[in-house]
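Commentary on secondary and tertiary structure
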Amino acid sequence: MVIVLGIESTAHTFGIGIVKNGKILANVKDAYTTESGGIIPIDSAKHHSLVADELVKKALNEAKVSWKEIKGIAFSQGPGLSPCLLVGLRKAKELSKKHKLPLIPVNHCVAHLEIGRITGAKDPVLLYASGANTQIIAYSSGKYRIFGETLDLGIGNFIDTFARYLGLGFPGGPKVEQLAKNSKNYIELPYTVKGMDITLSGILTNLRQKIEKINLDNKPLYHLPDHPPLLDNVNNKSYDNINFKNDVTLNNLENKNKINYTKEDLAFSMQETVFAMLVEVSERALAHVGKKELVLGGGVACNSRFQEMCRVMCEERGCKFYVPEKNLLVDNAGMIAYLGEIMFKAGIKFEGMKAEDLDIKPRERTDEINVTWR
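Given the structure is predicted, the values throughout are model-derived calculations rather than measurements.

A volume near 270 Å³ is recorded for the second largest pocket. In terms of lining, the second largest pocket is formed by 16 residues, of which the most central are Gln77, Pro105, Met343, Glu364 and Ile369. Elements supplying a minimum of two residues to the lining of the second largest pocket: β5 (103-107) and α11 (333-345). If you tally residues by element for the lining of the second largest pocket, the top one is β5, at three residues. Of the residues in the lining of the second largest pocket, the class split is nine nonpolar, four polar and three charged.

So this is what it looks like as structure tokens:
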């Protein structure tokens, strides 16, 4: 019997997971959020430090296990935000010393991929769509090979930035999804697929310009102040009935520049465009590598429209479509503990000075990991 505790701290979420023989016994988390703007790494790290001890206790109680039963501690080594990763590393080392347990460094992206196998998929193409990562991946010859990816922004960061332009706060994905459900009016946006890769920065610039037009269209060009009664000195007439409080807008002055879309339309159009791009490169990858299964991973995969588009594509190709439960798609420690247990059983663990020497790897790529446990 092997029980492994996992720690997740790559970005806005701090989590503790506990796994026993492939079964997730506990998967608790607490996320940093803002009312406006995006994630501030230092503030997110402070949040993680504040909630860490309480979440460890909560996970142990939920799993109904004691420290004596736990055999190892897995933690997210990277990729991610350095201040946040450091909180997880320090907590892992602290618990390792206190309870004399080995450490298991886990690549966050690979954990997203490995947890996808819990769905029953055997040899899939994996569409990994999270905050900073957007990759189309398949396993071959001891590594997860990347067949396509974003050339600039990760899809999650792209959506969060779009949400920030709309004033929705962080995280923005769920709010944008709800906004998009209130429209069916498609507004044409740039569609930028380059072979097996995509780019998103140009689309983001286009969306920002459109949002600025919405804001400008509703913004007064000037506002006439209140005045005392005006008199026509020639005719001795009062003009008190003039409404000096009417705003004069650009829209009123130049109807030819009137926009024909709303924020809801932009949210809908953004999803339809960028999700179609991801579906296209995923379908191309399925054809290229000759596989018959597609698995979604990462927080963006929680989007119901995204899932629907992938499902339709797979049905048309005669492929099987898999997606884990939502709590295993978003950043979570259950997947860290899950992969940590697999690695532990394969003999991948660090003790003593080797554990002390472990460090974070903020920029570690998926295809740099030697998957020796498969």
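The strands that make up a sheet are held in pairs by hydrogen bonds between backbone atoms, and each pair lies either parallel or antiparallel. Taken in spatial order, the five strands of this open sheet run β8-β7-β6-β15-β16, and their pairing is mixed. Of all strands in the sheet, those bounded by a partner on one side alone are β8 (143-149) and β16 (320-322). In this sheet, adjacent strand axes meet at a mean angle of 25° when their direction is disregarded. Across four bridges, strand β6 (residues 125-129) lies against strand β15 (residues 293-297) in parallel orientation. Of the residues in β15, the one forming a bridge with Leu126 is Val295. Sitting on the sheet, helix α8 (residues 263-289) is in contact with β6, β7 (134-140), β8 and β15, with an inclination near 155° to β6. Here helix α9 (residues 304-317) sits on the sheet and contacts β6, β15 and β16; the angle it forms with β15, its principal contact strand, is near 170°.

Two elements in contact, helix α3 (residues 108-115) and α11, have axes separated by 9 Å at closest approach and are oriented at 85°. On the basis of their axis angle, the class for α3 and α11 is roughly perpendicular. Where α3 approaches α11, its residues His108, Val110, Ala111, His112, Glu114 and Ile115 are matched on the opposing element by Met335, Ile336, Tyr338, Leu339 and Ile342.

Tallied over the entire structure, the rule returns one cavity of 30 Å³ or more. Considered as a void within the structure, the largest cavity measures approximately 40 Å³ in volume. Taken together, Arg117, Lys122, Pro124, Leu126, Tyr144 and Arg374 make up the full set of residues lining the largest cavity. Of the residues contributing to the lining of the largest cavity, the split by class is three nonpolar, no polar and three charged.

Quick look at helix α4 (residues 155-165) now. Each full turn of the α-helix corresponds to 3.6 residues, which orients residues three or four apart in the same direction. Summarising burial for α4: eight of the 11 residues are buried, a large majority. Among the residues of α4, Ile155, Gly156, Phe158, Ile159, Asp160, Thr161, Phe162 and Ala163 are the ones counted as buried. A positive backbone phi angle near 75° is found at Gly167, which sits one or two residues after α4.

It is worth spelling out the pattern of salt bridges at this point. For the structure shown, the criterion picks out 14 salt bridges. Among the salt bridges present, the one from Lys91 reaches Asp53, with a minimum N-O distance of 2.5 Å. You can see Lys91 sitting in helix α2 (residues 82-99) and its partner Asp53 sitting in helix α1 (residues 41-63), a full 38 residues away along the chain. Classification of Asp53 as partly exposed rests on a relative accessible area of 46%.

All chains considered together, the criterion is met by two aromatic pairs. Summarising the aromatic geometry, the rings of Tyr139 and Tyr144 are spaced 5.7 Å apart at their centres and angled 70° between planes, so their arrangement reads as edge-to-face. For Tyr144, a relative accessible area of 2% corresponds to the buried category. Considering the side-chain rings of Phe275 and Phe306, the 4.7 Å spacing of their centres and the 20° angle between planes classify their relative orientation as stacked. Linking Phe275 in helix α8 with Phe306 in helix α9, this pair joins segments that are 31 residues apart in sequence. There is no split in this pair, since Phe275 and Phe306 are both buried.

Conventions used here
Residues numbered from 1 in each chain as written. Predicted model: local features only at pLDDT ≥ 70, side-chain atom pairs only at ≥ 80, totals over all residues. Heavy atoms only, no water. 1 Å grid on protein atoms, 1.4 Å probe; cavity = no way out; pocket = protein on both sides within 12 Å on 5 of 7 lines; lining within 4 Å. Points joined across faces, edges and corners; volume = space filled by probe spheres on them. Helix = DSSP H or I, 4+ residues; strand = E, 2+ residues; numbered from the N terminus. Nonpolar A, V, L, I, M, F, W, Y, C, P; charged D, E, K, R; others polar. Pairing = 2+ DSSP bridges. Axes fitted to C-alpha atoms, helices over the stretch in contact; angles between N-to-C directions. Contact = heavy atoms within 4.5 Å. Parallel < 35°, antiparallel > 145°, perpendicular 65-115°, else oblique. Buried < 20%, exposed > 50% of the residue type's maximum accessible area, 1.4 Å probe, protein only. Salt bridge = Lys/Arg side-chain N within 4 Å of Asp/Glu carboxyl O. Phe/Tyr/Trp six-rings, centres within 6.5 Å; stacked < 30°, edge-to-face > 60°.

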